[in-house]
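# Breakdown of the fold
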Amino acid sequence: YLLGAAYLDAGAVEDARHSFERAVKVNPRNDLALYHLGLIESEAPEERPAAIVHLRDATRLRPDNPAFGIALGKLLLQQDDAQGAKLSLQHVSAEGPQGAERDLLLGIAQITLSGCQQSVATFLRAIEEDPALALSYNIVGFCYFQQGELAKAAEYYKKASDLSPENRIFAHGAAVA
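The paragraphs below set out a description of the structure included in this document.

## Remarks on the nonpolar core
Counting residues in each nonpolar core, the largest one holds 30 residues, and the members touching the most others are Phe20, Tyr35, Leu55, Leu77 and Ala85. Going through the elements one at a time, helix H2 (13–26), helix H3 (31–42), helix H4 (48–61), helix H5 (66–78), helix H6 (82–89) and helix H7 (96–114) are the ones with two or more residues in this core. When residues in this core are grouped by element, the largest group, eight residues, is from H5. The contacts of leucine 55, once residues within four sequence positions are left out, are Tyr35, Gly38, Leu39, Ala71, Leu72 and Leu75. In this structure, Leu104, Cys116, Tyr156 and Tyr157 belong to the second largest nonpolar core, which totals 14 residues.

Here is the structure:
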């Protein structure tokens, strides 16, 4: 595992992959090697099914490590498995920026599965955990816009635009609301 981490730090991704694969072969319960192997595999669409297996194994071995569950939830969302992401992310315990990322991803899973009603509270929790997360403000603005609460929508769209002025979608949302 340590050799793989060193290779990864040096930017030698394929050498890191091989080291993590060897570490997992020697010790199938090496949670850190499984996690890093899963992250590397998640970069290639054809390797994402294996990445999901490795990230699930890492999460199962170390459910107390929020980075593992967040990476798994994010990958499941990328694979259009919102239900799997929701189930995975609901069990992740994290605070601060990691908690905000968990809640942002969980909110995306919720909005995908059942619309804005359930997800607004999750996005608002993400904003409390990390007030600089512009995407959470933007999605809350979208939800309020969908619900016809235009003043609230404009407020959240504006905050997203203020936090990320280079993102024209956020500015557009503020202008529309």
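## Notes on helix H10 (residues 150–163)
The end-to-end C-alpha distance of H10 is 20 Å, a good match for the 20 Å that 14 residues give at a rise of 1.5 Å each. All of the buried residues in H10 are Ala153, Tyr156, Tyr157, Ala160 and Ser161. Angularly, the buried residues of H10 cover 140° about the axis, an arc narrow enough to put them on a single face. Opposite the buried face of H10, by more than 90 degrees, sit the exposed residues Ala151 and Glu155.

## Brief notes about the packing of aromatic side chains
As enumerated under the stated definition, the model contains four aromatic pairs in all. Ring centres of tyrosine 1 and phenylalanine 20 lie 5.8 Å apart, and the angle between their planes is 35°; this geometry places the pair in the tilted category. Residue tyrosine 1 is found in the segment before helix H1 (2–9), and its partner phenylalanine 20 is found in helix H2; the two are separated by 19 residues along the sequence. A residue is classified by how much of its surface remains accessible, and phenylalanine 20, at 0% relative accessible area, is buried.

## What to know about the pattern of salt bridges
Per the stated rule, a full pass over the model turns up 10 salt bridges. A salt bridge links arginine 17 to glutamate 47; the shortest N-O distance between them is 2.6 Å. Taken together, the residues span a long stretch of sequence, with arginine 17 in helix H2 and glutamate 47 in the loop between H3 and H4 at a distance of 30 residues. The class of glutamate 47 is partly exposed, set by a relative accessible area of 22%. Lysine 158 is paired through a salt bridge with aspartate 162; the nearest N and O atoms lie 2.8 Å apart. Here aspartate 162 and lysine 158 lie together in helix H10, a separation of four residues that amounts to about one turn. By relative accessible area, which is 47% here, lysine 158 ends up partly exposed. Put simply, Arg102, Asp103, Arg125 and Glu129 are held in one network by salt bridges that share partners.

Rules and cut-offs
Residues numbered from 1 in each chain as written. Predicted model: local features only at pLDDT ≥ 70, side-chain atom pairs only at ≥ 80, totals over all residues. Heavy atoms only, no water. Core = buried A, V, L, I, M, F, W, Y, C linked by side-chain atoms within 4.5 Å. Buried < 20%, exposed > 50% of the residue type's maximum accessible area, 1.4 Å probe, protein only. Helix = DSSP H or I, 4+ residues; strand = E, 2+ residues; numbered from the N terminus. Contact = heavy atoms within 4.5 Å. Expected span 1.5 Å × (residues − 1). Arc of directions from axis to C-beta. Phe/Tyr/Trp six-rings, centres within 6.5 Å; stacked < 30°, edge-to-face > 60°. Salt bridge = Lys/Arg side-chain N within 4 Å of Asp/Glu carboxyl O.

Everything listed here is a matter of geometry and, on its own, says nothing about what the molecule does.
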